[in-house]
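Structural overview for review
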Amino acid sequence: MRNDIFEDSQIRAQKEMVGFLYCAELSGPAEIQTDPAYERLWQYLLIVDRGEVEFRFASQTRKAGPRSLVSIPINEELLGLHFSDNFHGWCLGVDFNTLIEFFRREEFFPGPFRKHFREFLLFENVDNCRTLTKDCRELLSRMCPDGHNYPYNLNYALFSVIMADIADYMERNLPFEEAPKKTVRGEEILYSFMRLCGQHIEEHSSINWYADKLCISPSYLSATIRAQTGIAAGRVLSTIRYERAIKYVNRSSMSLQEIADKMHFPDLPTFSRFFKRHNGRSPQAHRKMVRK
C-alpha cells in the first residue's frame, strides 16, 4: 500500500522510513482500485479532515465523513477506495513488526487498545481530530530520513505521540474491559516469532524452522500466528522477507543478483517474481523509479 495506493495528484506531501513508518497528507478526489493479491503487513490509519472516503472490502463497504478516524488492519482485504472532490486528510502507515514491538515495549497501552487494532475501526465526529491532525502534520514535518544517525529513535518518539492520542480517544469512547495483567501465551509466541524473523528471515523462510527454534510444532505455531494476527504464518514470513528485500533494493549498492544471493533465493528470476508479487513491480523497475 503506502505511496503506491494514492494518485500522485492527491499527495500533497509524504515521507517514509522504509520498513518502519509512512505518513502522507492527501487532498482532492481519487478513484483507486487495489490488488488484494499483493501481500502486505502494514497497519494503516486514515484521519479525515474534510470530505468523504469510501472503503470497499471483500465483505463490506464503509464510508467515513469529516472528523473521522479509520483503522485498517493487516488482515482486511481492501479492494478499492473512493475519495470525494473536497477530501482532505492524513494517512499513517506502520510496519506490523514495528507495531508488535511498540506494544511490547510500551506496556502502559491497555490490552483492549491492542486488541481493537486487529479490527476495522471507524470513528466519526472524533473530538480530538484537530489534535490528531496536528500530530500528523508534526510527524510529516519532522520525520527523520534514514541518513540520520538516530532515525528510528526520533521517528519512534513522534509515532508514540500519535498512538497515545488515539489510545486516549479510544479509551474514553469505547467500553474497554480491564486488560489482563500478564501477556497471554499466544502473544508471547508471537513476540518470539517476530523477533526470530527479524534476526533470521534472510536465511530461513520455512515455518518449520521457526517452530523448531520455539520448541513447538509447526501446526501449533501456524494456528497461534493466525489467531493473534488474523493472517497465515506463511504470509507473515513472506511479507517480512519482502520488507527486508525492499530495504536492500532501495538503500544498498548491491546488485539485484547479490540481493537475491543474500536473501537465499535460488536465482534472480525467482527473486524477481517474489518481489513483483508483493510490490506490483519488478525489482529492476522499482529501483529505477526510486532512483529517478
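Values in this document were obtained by computation on a predicted structure and should not be read as measured data. Sequence order as written defines the numbering, with residues in each chain counted from 1. Only residues with pLDDT of at least 70 get local features here, since the model is predicted, and only at 80 or more are side-chain atom pairs given and counted; chain-wide, interface and lining totals rely on the full set of residues. Values shown for side chains rest on all heavy atoms present in the structure; no hydrogens or waters enter the calculation.

Brief notes about the pattern of salt bridges
- A pairing counts as a salt bridge when a side-chain nitrogen of Lys or Arg comes within 4 Å of a carboxyl oxygen of Asp or Glu. Within this structure, the stated rule accounts for 10 salt bridges.
- A salt bridge links glutamate 31 to arginine 56; its shortest N-O distance comes to 2.7 Å. Of this pair, glutamate 31 sits in strand S3 (residues 30-33) while arginine 56 is found in strand S5 (residues 53-57), placing the two residues 25 residues apart along the sequence.
- Assessed through its relative accessible area of 41%, glutamate 31 is described here as partly exposed.
- Residue glutamate 54 is joined to arginine 56 by a salt bridge in which the shortest nitrogen-to-oxygen separation is 3.2 Å. Pair check on accessibility: glutamate 54 and arginine 56 agree, each one buried.
- The network of salt bridges with common partners includes Glu31, Glu54, Arg56 and Lys63. Here a strand is any run of E in DSSP of at least two residues, a helix any run of H or I of at least four, and the numbering for each starts at the N terminus. Buried means the residue's accessible area, taken with a 1.4 Å probe over protein chains only, is under 20% of the maximum for its type, while exposed means over 50%, and partly exposed covers the values in between.

Observations regarding the packing of aromatic side chains
- For Phe, Tyr and Trp, where Trp contributes only its six-membered ring, two rings pair if their centres lie within 6.5 Å, and the inter-plane angle classes them as stacked under 30 degrees, edge-to-face over 60, or tilted in between. Applying the stated criterion across every chain yields a total of 14 aromatic pairs.
- With a centroid separation of 6.1 Å and an interplanar angle of 55°, the aromatic rings of phenylalanine 271 and phenylalanine 275 are classed as tilted. A residue pair is termed a helical-turn pair when its members lie 3 or 4 positions apart in one helix, as phenylalanine 271 and phenylalanine 275 do in helix H10 (residues 268-279) at four residues. Pair check on accessibility: phenylalanine 271 and phenylalanine 275 agree, each one buried.

Functional significance is not addressed by these values, which are geometric in nature.
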